[in-house]
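The lines below spell out each chain.
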Amino acid sequence: MANVFYNKLILLFTINCLFLYKGGFILGLRRLKKYLNNAKILIICNLDKNIKAITELLQENSYNVLQAQDYNSALEVAFENEPDLILLSVDIQNMDSLALLKKLKTIHKIDSIPIIIFSTMKEPDEVVQCLNAGAADYLVMPFNHQELLARIRIHVTNRFAIKLIIQQNKELTESTQDLANALLNLKVQQEKTIEIEKLKSVLAMALTTNHELSQPLAVIQGNVELIKIKHPELEDNKQLQRILDSIENIVEKLKQFSSFDKISYQEYVGDEDMVKL
């Protein structure tokens, strides 16, 4: 009863993942079918008759089969090929299958691979130990072929769904980062646009001021020079010279004010700022 409930949960989980697949449910279903047809299954067992029987059954159902018969070769094959599921016998002679199970679950690259334990005996303590060590399922031999295929399909489908979620999370993270970068670029462009508009406004004001003040300043300067001509005794008059110096200073400031390529500010009074020349 528990297995039926678990299988239904896996089915619902996978269906939800397929609906979330970016290409749509039908495309996701096709991808799942292709994944199942190309799934790699590693059999770890040193009993030739068991390996032969399970290998033939899996190959008849389009699975790619890998084999290992001892601790070291099991780790090597699993690490190099990253199978979609592992069938691990606990009846292997001269090898601690539980230790191998625990080791497989400590290697980051392959620790998420579902492992189905199979045995000729069903000792309650052994089942609990294997499940606590990370096994996804436990089967007792001789097993019904259809039951084995059904369980394999469930766990491989579950692995597909998990991979799909990981991929979607990665794509979502990348999309979020792209969006953040785009928003940052937009903000920078907006700031540049605002700065350009400010510069245009300041330059327009500067040109207007320059235009409006140039003629009055020229009139003042001309009249001072005329006074000095009519009254030679005022040639060295300090007050008149200050007027002329001030006019030249104003004209110079107006030129600077009309030739900005960047606006900078400095504090003026209170919270007010003024353009820095």
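Look above for the structure.
Residues numbered from 1 in each chain as written. Predicted model: local features only at pLDDT ≥ 70, side-chain atom pairs only at ≥ 80, totals over all residues. Heavy atoms only, no water.

K.L.:
I'm lost on the pattern of salt bridges in this one. Help?
P.N.:
Side-chain pairs of opposite charge can arise where the charged atoms are in close proximity. Within this structure, the stated rule accounts for five salt bridges. One salt bridge in this structure joins lysine 52 and glutamate 56, with 2.7 Å as the shortest N-O distance. With lysine 52 and glutamate 56 both in helix α3 (residues 48–60), this residue pair falls four residues apart, about one helical turn. Accessibility expressed as a relative area gives 52% for lysine 52, which makes it exposed. Judged by relative accessible area, which is 37%, glutamate 56 ranks as partly exposed. Residue glutamate 147 pairs with arginine 151 through a salt bridge whose shortest N-O separation is 2.9 Å. One end of the pair, glutamate 147, and the other, arginine 151, are both in helix α7 (residues 145–230), four residues apart, so they sit about a helical turn from each other. Given the relative accessible area of 34%, glutamate 147 is considered partly exposed. The structure contains a network of salt bridges with shared partners spanning Asp137, Glu147 and Arg151. (Salt bridge = Lys/Arg side-chain N within 4 Å of Asp/Glu carboxyl O. Helix = DSSP H or I, 4+ residues; strand = E, 2+ residues; numbered from the N terminus. Buried < 20%, exposed > 50% of the residue type's maximum accessible area, 1.4 Å probe, protein only.)

K.L.:
Would you explain the sheet that holds strand β3 (residues 85–89) in this entry?
P.N.:
Strands belonging to one sheet form pairs held by backbone hydrogen bonds; the direction of such a pair is parallel or antiparallel. What the five strands build is an open sheet, ordered β2-β1-β3-β4-β5; its pairing is parallel. Strand pairing shows two members of the sheet lacking a second neighbour, β2 (64–68) and β5 (137–140), which therefore form its edges. Averaged over all pairs of adjacent strands, the angle between their axes in this sheet comes to 20°, without regard to strand direction. Where β3 and strand β4 (residues 115–119) come together, four bridges link them in parallel fashion. For serine 89, the partnering residue across the bridge sits in β4 and is phenylalanine 118. The strands touched by helix α6 (residues 124–132) within the sheet are β4 and β5, with β5 carrying the most contacts at an inclination of about 150°. (Pairing = 2+ DSSP bridges. Axes fitted to C-alpha atoms, helices over the stretch in contact; angles between N-to-C directions. Contact = heavy atoms within 4.5 Å.)

K.L.:
How do you make sense of the packing of aromatic side chains when you look at a structure like this?
P.N.:
To describe a pair of aromatic rings, you give the distance between the ring centres and the angle between the ring planes. With the rule as written, the count across this model stands at one aromatic pair. Measuring from centroid to centroid gives 6.4 Å for phenylalanine 118 and phenylalanine 143, while their planes differ by 90°, and the two rings are edge-to-face. Placement of the pair is phenylalanine 118 in strand β4 and phenylalanine 143 in the loop between β5 and α7, with a sequence separation of 25 residues. Taken as a pair, phenylalanine 118 and phenylalanine 143 share a single burial class, namely buried. Its end group placed over the ring of phenylalanine 79, lysine 109 keeps NZ or CZ at 4.3 Å from the ring centre. (Phe/Tyr/Trp six-rings, centres within 6.5 Å; stacked < 30°, edge-to-face > 60°. Lys NZ or Arg CZ within 6 Å of the ring centre and 35° of its normal.)

K.L.:
How should the nonpolar core be read in this particular structure?
P.N.:
Nonpolar side chains tend toward joint burial in soluble globular proteins. If you look at the biggest cluster of nonpolar residues, it comprises 26 residues, and the most contacted ones within it are Ile44, Ile86, Leu88, Leu104 and Ile117. Mapped onto this core, the elements with two or more residues apiece are β1 (40–44), β2, α4 (71–81), β3, α5 (97–104), β4 and α6. The element best represented in this core is α4, accounting for four residues. Among residues more than four places away in sequence, those in contact with isoleucine 117 are Leu88, Val90, Leu101, Cys130, Ala135, Asp137, Tyr138 and Leu139. (Core = buried A, V, L, I, M, F, W, Y, C linked by side-chain atoms within 4.5 Å.)

K.L.:
Would you mind showing me how to read the pairing of β1 here?
P.N.:
The side chains of a regular strand alternate, residue by residue, between the two faces of the sheet. By the criterion of burial, β1 is predominantly enclosed, with four of the five residues buried. Inspection of the sheet shows β1 paired to β2 by five bridges, in the parallel sense. Counted as the bridge partner of isoleucine 43 is glutamine 67 from β2. Handedness of the crossover joining β1 and β2 through α3: right-handed. (Right-handed = clockwise from strand over helix to strand, strands pointing away.)

Without other data, these values stay purely geometric and don't point to any function.
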